[in-house]
Amino acid sequence: VTRDVTVFAGTVVSQFDYTIGDCSNQQVLINFTDQSFSMLGPIVDWLWTFDDGTTVTTSNLQNPTYTVTDPTTLTVTLAVTTEDDCTAASMDMLTVTPLSYPGIELMRMVCEGDCVDLNPGGNTNYTYFWFPNIEISSTTAANPEVCPTEDRTYTAVIEGVVISGDQGDRICQSPGITTDVVLKPNPSLAFTFEPACDGLTVNFTNTSTDANCYAWD
């Protein structure tokens, strides 16, 4: 029995790259780009597998996206197939950590003449850019102190590594995050007094303003 056998000379290589599409709202949108190539005919099928240790999802798109909302280790696999059923696969394990800035509140209150921290518990692994550079201890500190003489809005732009993998780190820059620093007026202390008719009792009346607790002595 004689049969013709076709032998393909060449190779199929699966490979991919990834970029950050969006990192606002404390999440990371990852754009995956297929960079596979074949010397054995065109690639006609792509199978992406995303495994975060809890859930496994797949995609047949050539260039899919994937969103991460919590810190996770994401195992990404790309298997490609040519029109002649030749296959190849590649894998990368990504450490994904969305930017987080819980210490920056929408508003911080401070008494006149006092100072206040803008970002208690700020992550020193991040790079910070604060503005305006007015009455602030540092424009690049994780948790700068401000001593305002009037109501003022401060804005922070934060940069940090959100993806680490075999292909290096990917850095994310947050949108501007604002916090309003509002001055509280210092209490104005005052009271009046009037002796009672019995000559032994004195009636005191508190006329202070901008205070919420009192202690008489």
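Residues numbered from 1 in each chain as written. Predicted model: local features only at pLDDT ≥ 70, side-chain atom pairs only at ≥ 80, totals over all residues. Heavy atoms only, no water.

## Thoughts on the overall build of the protein chain
Then comes step 1: For the protein chain, the count of helices and strands is 0 helices and 18 strands.
Then comes step 2: Over its C-alpha trace the protein chain gives a radius of gyration of 31 Å, far above what one expects of a compact globule, namely 17 Å for 217 residues.
Then comes step 3: Seen through its C-alpha atoms, the protein chain measures out along the principal axes to roughly 135 × 35 × 20 Å.
Then comes step 4: Taken across its 217 residues, the protein chain has 32% of its residues classed as buried.
Then comes step 5: Residue pairs at least 24 apart in sequence account for 55% of intrachain contacts in the protein chain once pairs closer than 6 positions are excluded.
Then comes step 6: Accessible surface, the protein chain: about 13000 Å² in total, of which carbon and sulfur atoms supply 50%.
Then comes step 7: For the protein chain, the distance from the average site of its 5 positive side-chain charges to the average site of its 28 negative ones is 3 Å. (Helix = DSSP H or I, 4+ residues; strand = E, 2+ residues; numbered from the N terminus. Rg over C-alpha atoms; globule rule 2.2 N^0.38 Å. Buried < 20%, exposed > 50% of the residue type's maximum accessible area, 1.4 Å probe, protein only. Contact = heavy atoms within 4.5 Å. Areas by Shrake-Rupley, 256 points an atom, 1.4 Å probe, with all protein chains shown as cover. Lys, Arg positive; Asp, Glu negative; His and termini not counted. Charge placed at Lys NZ, Arg CZ, Asp CG, Glu CD.)

## Observations concerning the packing of aromatic side chains
Two descriptors summarise a pair of aromatic rings, namely the distance from one centre to the other and the angle between the planes of the rings.
Then comes step 1: With the rule as written, the count across this model stands at 13 aromatic pairs.
Then comes step 2: Here Y128 and W130 contribute two aromatic rings whose centre-to-centre distance is 6.4 Å and whose plane-to-plane angle is 5°, an arrangement assigned as stacked.
Then comes step 3: With 6.1 Å between their ring centres and 40° between their planes, F193 and F204 make a pair best called tilted. One end of the pair, F193, is in strand β17 (residues 191-195); the other, F204, is in strand β18 (residues 202-206), with 11 residues separating them in the sequence.
Then comes step 4: The class for F193 is exposed, based on a relative accessible area of 55%.
Then comes step 5: Here the aromatic residues F16, Y18, F32, W48, F50 and Y66 are joined through ring pairs into a cluster of three or more. (Phe/Tyr/Trp six-rings, centres within 6.5 Å; stacked < 30°, edge-to-face > 60°.)

## Topic: the state of the cysteines
Then comes step 1: For the coordinates displayed, the defined rule picks out 2 disulfides.
Then comes step 2: Covalently, C23 is tied to C172 through a disulfide, its sulfur atoms 1.6 Å apart. Given an S-S torsion of about 85°, the disulfide between C23 and C172 has right-handed geometry. Remark: C172 occurs in strand β15 (residues 168-173) and C23 occurs in the loop between β2 (16-22) and β3 (28-34); sequence separation between them is 149 residues. The exposure classification of C23 matches that of C172, with both residues buried.
Then comes step 3: With a sulfur-sulfur separation of 1.8 Å, C115 is cross-linked through a disulfide to C147. Taking the sign of the S-S torsion, 105° for the link of C115 and C147, the bridge is right-handed. Residue C115 is found in the loop between β10 (107-111) and β11 (116-117), and its partner C147 is found in the loop between β13 (145-146) and β14 (152-165); the two are separated by 32 residues along the sequence.
Then comes step 4: Residue C147 is classed as partly exposed on the basis of its relative accessible area of 32%. (Disulfide = S-S within 2.5 Å.)

## Here we look at the nonpolar core
Then comes step 1: By size, the foremost hydrophobic cluster in this structure holds 43 residues, and its most contacted members are I30, F32, W48, V76, V96, W130 and I163.
Then comes step 2: If one sorts the elements of this core by residue count, β14 sits on top with 5 residues. (Core = buried A, V, L, I, M, F, W, Y, C linked by side-chain atoms within 4.5 Å.)

## Here we look at the pairing of strand β9 (residues 87-96)
Then comes step 1: Alternating residues of β9 divide into A88, S90, D92, L94 and V96, all buried, and T87, A89, M91, M93 and T95, none buried.
Then comes step 2: Counted along the chain from strand β8 (residues 72-82) to the antiparallel partner β9, the turn is 4 residues long, and its residue D85 has a positive phi close to 65°.
Then comes step 3: The pairing of β9 with β14 spans 2 bridges and is classified as antiparallel. Its bridge partner being in β14, T95 is matched across the sheet by S164. (Pairing = 2+ DSSP bridges.)

## Considerations on the environment of S164
Then comes step 1: Considering the arrangement of structural elements, one finds S164 in strand β14.
Then comes step 2: Separated by 68 residues in sequence, S164 and V96 have C-alpha atoms that sit 6.7 Å apart.
Then comes step 3: Those residues in contact with S164 that lie beyond four places of it in its chain are M93, L94, T95 and D169.
Then comes step 4: Within the structure, the side chain of S164 is placed 2.9 Å from the side chain of D169, a separation counted as a polar contact. (Polar contact = N/O pair within 3.5 Å; in protein donor to acceptor, adjacent residues only side chain to side chain.)

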